[in-house]
Amino acid sequence: MKFSTSLGLFTASLIASNFATAAVAKPDQISPQVTITYSDKLETEFRENYGIRERATIDEAIRSEIAQQADGTIARVEVNVIDVTPNRPTFEQLGARPGLSYESFSRGGAVLSGKSFDASGNLLRETNYQYTTMDIFNAQHSWVWQDAEYAIYGFTRRLTRN
């Protein structure tokens, strides 16, 4: 009985958060065109260590944050992902190293740079951003890209705000 009540409350909170997210989105505003590039070192890291599918996760996090935070003046955004570090082993890492556990955790983060432009091609803002969690304490409660997402959030706030 207690389990079903907790599950019901959890489900209700998920539904409410989805509605809250939909309310934040700006349906009448066109999302800026986003170009994402990765450093050569990071491209190699995705290919040889993290796994190619993890790159899509980072891409989606960047595109989603820019779409949510961009004001109507931004037409185009260029992002360069210089480095990302996961908090937990990626799917590829777990498959490649049988002794590695998903319960392993570490400090994560990201290093990004970018530019935003208006419809005329004028540079609006240019920023560099780096974030690595200060200590390992909260990493035990994180998912694979928790700190990288936090860095992406901080980066896009700087890039999209006046």
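Residues numbered from 1 in each chain as written. Predicted model: local features only at pLDDT ≥ 70, side-chain atom pairs only at ≥ 80, totals over all residues. Heavy atoms only, no water.

Asker: Go over the environment of Phe155 with me, naming the residues and quoting the values.
Answerer: Along the polypeptide, Phe155 turns up in helix H5 (residues 146-160). Residues Phe155 and Val111 lie 44 residues apart in sequence; the distance between their C-alpha atoms is 8.9 Å. Not counting the four nearest positions on each side in its chain, Phe155 is found in contact with Val79, Leu112, Ser113, Gly114, Thr127 and Tyr129. (Helix = DSSP H or I, 4+ residues; strand = E, 2+ residues; numbered from the N terminus. Contact = heavy atoms within 4.5 Å.)

Asker: Account for the packing of helix H2 (residues 40-50) against helix H3 (residues 52-69), naming residues and giving values.
Answerer: At a minimum axis distance of 7 Å, the contact between H2 and H3 shows a crossing angle of 130°. Taken together, H2 and H3 sit at an angle that is classed as oblique. Here Glu43, Phe46, Arg47 and Tyr50 of H2 lie close against H3, whose contacting residues are Ile52, Glu54, Arg55 and Ile58. (Axes fitted to C-alpha atoms, helices over the stretch in contact; angles between N-to-C directions. Parallel < 35°, antiparallel > 145°, perpendicular 65-115°, else oblique.)

Asker: Got a sec to walk through the pattern of salt bridges? Specific residues and values, please.
Answerer: With the rule as written, the count across this model stands at three salt bridges. One salt bridge in this structure joins Glu43 and Arg55, with 2.6 Å as the shortest N-O distance. One end of the pair, Glu43, is in helix H2; the other, Arg55, is in helix H3, with 12 residues separating them in the sequence. A salt bridge links Asp71 to Arg125, with the nearest nitrogen and oxygen atoms 3.9 Å apart. (Salt bridge = Lys/Arg side-chain N within 4 Å of Asp/Glu carboxyl O.)

Asker: Any chance you could break down the sheet that holds strand E1 (residues 33-38) for me, citing the residues and the numbers?
Answerer: Taken together, the four strands give an open sheet; going across it, the order is E1-E2-E3-E4, and neighbouring strands pair in mixed fashion. Each end of this open sheet is capped by a strand with a single partner; those strands are E1 and strand E4 (123-132). Recorded for the sheet is a direction-independent mean angle of 15° between the axes of neighbouring strands. For strand E3 (residues 109-117) and E4, the ladder comprises nine bridges, and the chain directions are antiparallel. Considered in E4, the bridge of Ala110 is made with Tyr131. Where H2 meets the sheet, it contacts E1 and strand E2 (76-85), and its direction lies at approximately 55° from that of E2. Helix-sheet contacts for H3 involve E1, E2 and E3, and the interaxial angle to E1 is about 145°. (Pairing = 2+ DSSP bridges.)

Asker: Explain the nonpolar core to me, using residue names and the numbers behind them.
Answerer: For soluble globular proteins, the rule of thumb is that nonpolar side chains tend to be buried together. Formed by 27 residues in total, the largest nonpolar core has its most connected members in Ile58, Ile62, Val79, Val81, Val84 and Leu112. Among the secondary structure elements, those contributing two or more residues to this core are E1, H2, H3, E2, E3, E4 and H5. If one sorts the elements of this core by residue count, H5 sits on top with five residues. Not counting residues within four places of it along the chain, the set of residues in contact with Val79 comprises Thr35, Ile36, Thr37, Ile62, Ile66, Leu112, Ser113, Gly114 and Phe155. (Core = buried A, V, L, I, M, F, W, Y, C linked by side-chain atoms within 4.5 Å. Buried < 20%, exposed > 50% of the residue type's maximum accessible area, 1.4 Å probe, protein only.)

Asker: Got a sec to walk through the packing of aromatic side chains? Specific residues and values, please.
Answerer: For any pair of aromatic rings, geometry is given as the distance between the ring centres together with the angle between the planes. Following the criterion strictly, the structure yields four aromatic pairs and no others. Ring centres of Phe46 and Tyr50 lie 5.7 Å apart, and the angle between their planes is 75°; on these two criteria the pair is classed as edge-to-face. Pair noted here: Phe46 and Tyr50 are both in helix H2, with a separation of four residues, about one helical turn. With a relative accessible area of 0%, Phe46 lands in the buried category. Residue classification places Tyr50 among the buried positions, given a relative accessible area of 7%. Ring geometry for Tyr50 and Trp145: centres 5.6 Å apart, planes at 85°, overall edge-to-face. Of the two residues, Tyr50 sits in helix H2 while Trp145 sits in the loop between E4 and H5, which places them 95 residues apart along the sequence. (Phe/Tyr/Trp six-rings, centres within 6.5 Å; stacked < 30°, edge-to-face > 60°.)

Asker: Can you break down the environment of Ile30 residue by residue, with the values?
Answerer: Its location among the elements puts Ile30 in the loop between helix H1 (2-24) and E1. Sequence separation of Ile30 and Ala75 is 45 residues, and the distance between their C-alpha atoms is 8.3 Å.

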